[in-house]
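Per-entry structural report
Single-letter residue listing:
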Amino acid sequence: MKDGIRIKVGELKSQFGIVKGLELSIGEIIEEKWEEALGPTPFPSIADLREWDLKILERYKPFYMPFCDLCCLCTMGKCDLTGDKRGACGIDMAGQQSRIVLLACCIGAATHTSHARHLLEHLISKYGRAYPLDVGGLSVEVEAPITRLVCGIRPETLGDLEAVLDYVEEQIVHLLSATHTGQEGAYKDFESKVFHAGMIDHLAMEVADIAQISALGLPKAEPNPPLIEIGLGVVDQAKPVILVVGHNVPPAADIMDYMEELGLQDGIELCGICCTAHDLARYNPKAKIIGPISWQLRFIRSGVPDVIVIDEQCIRSDALVEAMKVKAPLIATSEKDCQGLPDRTRDPPDEVVRDLVEGNTPGVLILDPRKVGEVAVKTALKVAPKRMKFKAIPDVEELIEGAKRCRRCDDCRRSCPNDLDIPSAMARAAQGDVEGLAWLLDQCIGCARCERTCPVGLPIHSFMVKAAEKEIKEERYKIRAGRGAIQDVEIRNVGSPIVLGEIPGVIAFVGCANYPRGGVEVAEMADEFAMRRYIVTATGCAAMSMAMYKDEGGKTIYEKYPGGFDAGGVSNVGSCISNAHIAGAAIKIASIFAKRRLRANYEEIADYILNRVGAVGVAWGAMSQKAASIASGFWRLGIPVIVGPHGSKYRRMLLGRMEDEESWKVYDARTGDKVYVGPTPEHLFYAAETKDEAMVTIAKLCMRPNDTPRGRAIKLTHYIDLHRRLYGVMPDDVYLYVRTKADIPITIKDEVLRLLEEKGWRETVIPDPTLLPRLIRVQKG
């Protein structure tokens, strides 16, 4: 695709008059250089993939556990939807619940899309529309698998990505309009639209990451990118410190560039929280990562950052309030999060710096990343000597005296989303023992609800930070920088063993591990499956949390395992938007290894993944709207997602019914016969209560109809072994996953055979599985 023609005329005199400053633009010129034939669904509308969605939903039925029995979306409400009641507009409970899910996914998709649009506009303004895309040189020929699959185009330049975002934005508008009162009412169609929102969310993420990888020089599909420092203890507090928070990296990158221009890269500490930290470390390994989203409060209150720069997403709404408590100027850099600050984008930088340093304003809004770089660096240099690391953390004596004022009313515990026993820790602190508060910090997600409900106004979170001060200063770990895409050659090497089941699965840990022990549990799960020779990948805050635990030898998981996309590898793919590369890897297995036609051929590729690629996503923490849309993008591709802990809080699942034999039948593409293949995978969206339940379920959901007997035996070995170790018994559903006696793990063959006999097991065939009749090669009759 090429840019259109643009004609500028300074002055044109004609018999009709004089025209000045005339500019004509003729759209885009489509230049067809791709030999692959266009598939059936280029730039699909909401309904184009509906038939595929309904096939999936027929097998994996939505299960709703509503938070609220009312609908309050319109002025006719509140409508009671309990039982079989319908609202004033006619909607029922299932329709309302699925509508809320669609709204959440639209918010998530819009957030990534807006991020992608701002990022792309910035990069085009800086490097031009013709700047070539390069996400891995000769190692990555399929540079944008999701774009190729969904849109049917092969982007070559930054400018080519604009058409993709145009499409995504249009679809979000259509999806949002469907949630209006008096439009969609059927829960299945809401759920189909949820899948559509997820698919276009993955498109937006792909656009954002391949654009920044190409233009900013982030790691290009490197299996072993550099190890980066992570943790609260990695910052040299003797230097001025700039903290960046959010997801959109250009302002942070310009801070780093300005530091290098002045030769200050070793004189100022530039560190980050959340996904901006990931991408900044990908941009320049000298940047340091503090930690995940939940660490904002503890780090700001520590007084270490001298200047705080925020961009967009996952930023505390009270960031300015907290920054003012520690006298750190705050610079907002996105029109999506202005924090009520004056827009100083057009003011001279030195004038802005003076106002921040002298405290004339607590913060400013600057929408020019380059100017952010200059203002942040100059302000940090001047503010640091004045602040002397002023912090909002009390000393130990103040903590103990404060704890003595605690009324033991339990309001803090009742308001805590994780039910932490704060009153008991406060009671110990009142006696001079602060260890209980220190332990709580490791379980705390930093929401500060406890402080807001405390009737005597105790700064409880700050008490925890003080109590754990020694441990915090020693927090130093290593994380591998985000690698970006998976190389084509890696896909070729693992494609066959994955599809045949001999590599037992691909496990992707995503999201924010911000429940108590969430971080260590993600690290333990990743370690377990890497040790079992699964392929383990991670993104975002989950990738950070995995890095913050060391084995007995003092190594983090990234130092313990190689970073390649291979059996026993653990790779940090990158920030949230890098999730697109995980979906992209599954798509490339179908395209590169199996040579399935990729271009605008969504149904066939998704059918291949559902039936052959044993991949599972795990989001071990609270689900944001972005996480919901990311998950729904995986569902449409046929990749199950497990969420937890506190599974009951998720309120919706997509569950298969293992006893419903008919729902587990597929076509054998060789004969056209419908064949029972067992519940593989059993669920598409499953909420687990505990880490143990998640681990057993992960192993089970990696089974696919196409597994060879050897591959199925390997997968069953892991499933049975984990079930026995964690639950103490043989799983009672093993007979559902044994198709022939060759599937049975040899070491437990006699035991399994006895179980099969008790269940009246019958041998079945191993088909060439598909849900799509048009893929049957031999038609009967």
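If you're wondering where the values come from, they're calculated on a predicted model, not measured in any experiment.

1. A word on the overall build of the chain
- A tally of regular secondary structure across the chain gives 28 helices and 23 strands.
- Viewed in the frame of its principal axes, the chain has a C-alpha envelope of about 95 × 85 × 60 Å.
- Residue burial in the chain is summarised as follows: out of 781 residues, 61% are buried.
- When contacts within the chain are restricted to residue pairs at least 6 apart in sequence, long-range pairs at least 24 apart make up 76% of them.
- With an accessible surface of roughly 29800 Å², the chain has 52% of that area assigned to carbon and sulfur atoms.
- Each charge class in the chain can be summarised by its mean position, and for the 98 positive and 108 negative side chains these summaries are 1 Å apart.

2. Here's the deal with the packing of helix 1 (residues 50–59) against helix 5 (residues 187–216)
- Packing of helix 1 against helix 5 brings their axes to within 9 Å, and their N-to-C directions diverge by 115°. One way to sum up the angle between helix 1 and helix 5 is to call them roughly perpendicular. Considering how the two elements wind past one another, helix 1 and helix 5 form a crossing that is right-handed. The residues of helix 5 that touch helix 1, namely those facing Arg 50, Asp 53, Leu 54, Ile 56, Leu 57 and Glu 58, are Lys 188, Asp 189, Glu 191, Ser 192 and Phe 195.
- Partitioning the contact of helix 1 with helix 5 into residue classes produces four nonpolar, one polar and six charged.

3. Quick notes on the nonpolar core
- Grouped together as the largest cluster of nonpolar side chains are 252 residues, with contacts concentrated most on Ile 242, Ile 255, Ile 331, Leu 437 and Phe 509.
- If we skip the residues at most four places from it in the chain, Phe 509 touches Val 522, Met 525, Ala 526, Val 536, Thr 537, Ala 538, Thr 539, Ala 542, Met 546 and Val 618.

4. Digging into the sheet that holds strand 21 (residues 674–676)
- The antiparallel open sheet is built from three strands, whose spatial order is 21-20-23. Strand pairing shows two members of the sheet lacking a second neighbour, strand 21 and strand 23 (769–770), which therefore form its edges.
- Both strand 20 (residues 665–668) and strand 21 contribute to a ladder of three bridges, which runs antiparallel. Across the sheet, residue Tyr 667 finds its bridge partner in strand 21, namely Lys 674.

5. So, the environment of Phe 190
- Tracing the sequence through the fold places Phe 190 in helix 5.
- For Phe 190, a relative accessible area of 0% gives the class buried.
- Separated by 90 residues in sequence, Phe 190 and Ile 100 place their C-alpha atoms 9.2 Å apart.

6. Re the layout of surface pockets
- Of the volumes computed, that of the second largest pocket is approximately 480 Å³.
- As for the second largest pocket, its lining consists of 27 residues, and the residues nearest its centre are Trp 295, Arg 298, Asp 442, Glu 475 and Tyr 549.
- Top contributing element to the lining of the second largest pocket by residue count: helix 15 (residues 435–443), with five residues.
- In terms of residue class, the lining of the second largest pocket is made up of 16 nonpolar, six polar and five charged.

7. What to know about the pairing of strand 8 (residues 269–273)
- Most of strand 8 sits inside the fold, with five of its five residues counted as buried.
- The pairing of strand 7 (residues 241–245) with strand 8 spans five bridges and is parallel. Pairing of Val 245 across the sheet is with Ile 273, part of strand 8.
- Taking the sense of rotation as the criterion, the β-α-β connection linking strand 7, helix 6 (residues 250–261) and strand 8 turns out right-handed.

Conventions adopted
Residues numbered from 1 in each chain as written. Predicted model: local features only at pLDDT ≥ 70, side-chain atom pairs only at ≥ 80, totals over all residues. Heavy atoms only, no water. Helix = DSSP H or I, 4+ residues; strand = E, 2+ residues; numbered from the N terminus. Buried < 20%, exposed > 50% of the residue type's maximum accessible area, 1.4 Å probe, protein only. Contact = heavy atoms within 4.5 Å. Areas by Shrake-Rupley, 256 points an atom, 1.4 Å probe, with all protein chains shown as cover. Lys, Arg positive; Asp, Glu negative; His and termini not counted. Charge placed at Lys NZ, Arg CZ, Asp CG, Glu CD. Axes fitted to C-alpha atoms, helices over the stretch in contact; angles between N-to-C directions. Parallel < 35°, antiparallel > 145°, perpendicular 65-115°, else oblique. Left-handed = near helix turned anticlockwise from the far one by under 90°. Nonpolar A, V, L, I, M, F, W, Y, C, P; charged D, E, K, R; others polar. Core = buried A, V, L, I, M, F, W, Y, C linked by side-chain atoms within 4.5 Å. Pairing = 2+ DSSP bridges. 1 Å grid on protein atoms, 1.4 Å probe; cavity = no way out; pocket = protein on both sides within 12 Å on 5 of 7 lines; lining within 4 Å. Points joined across faces, edges and corners; volume = space filled by probe spheres on them. Right-handed = clockwise from strand over helix to strand, strands pointing away.

The values are spatial; any link to function lies outside them.
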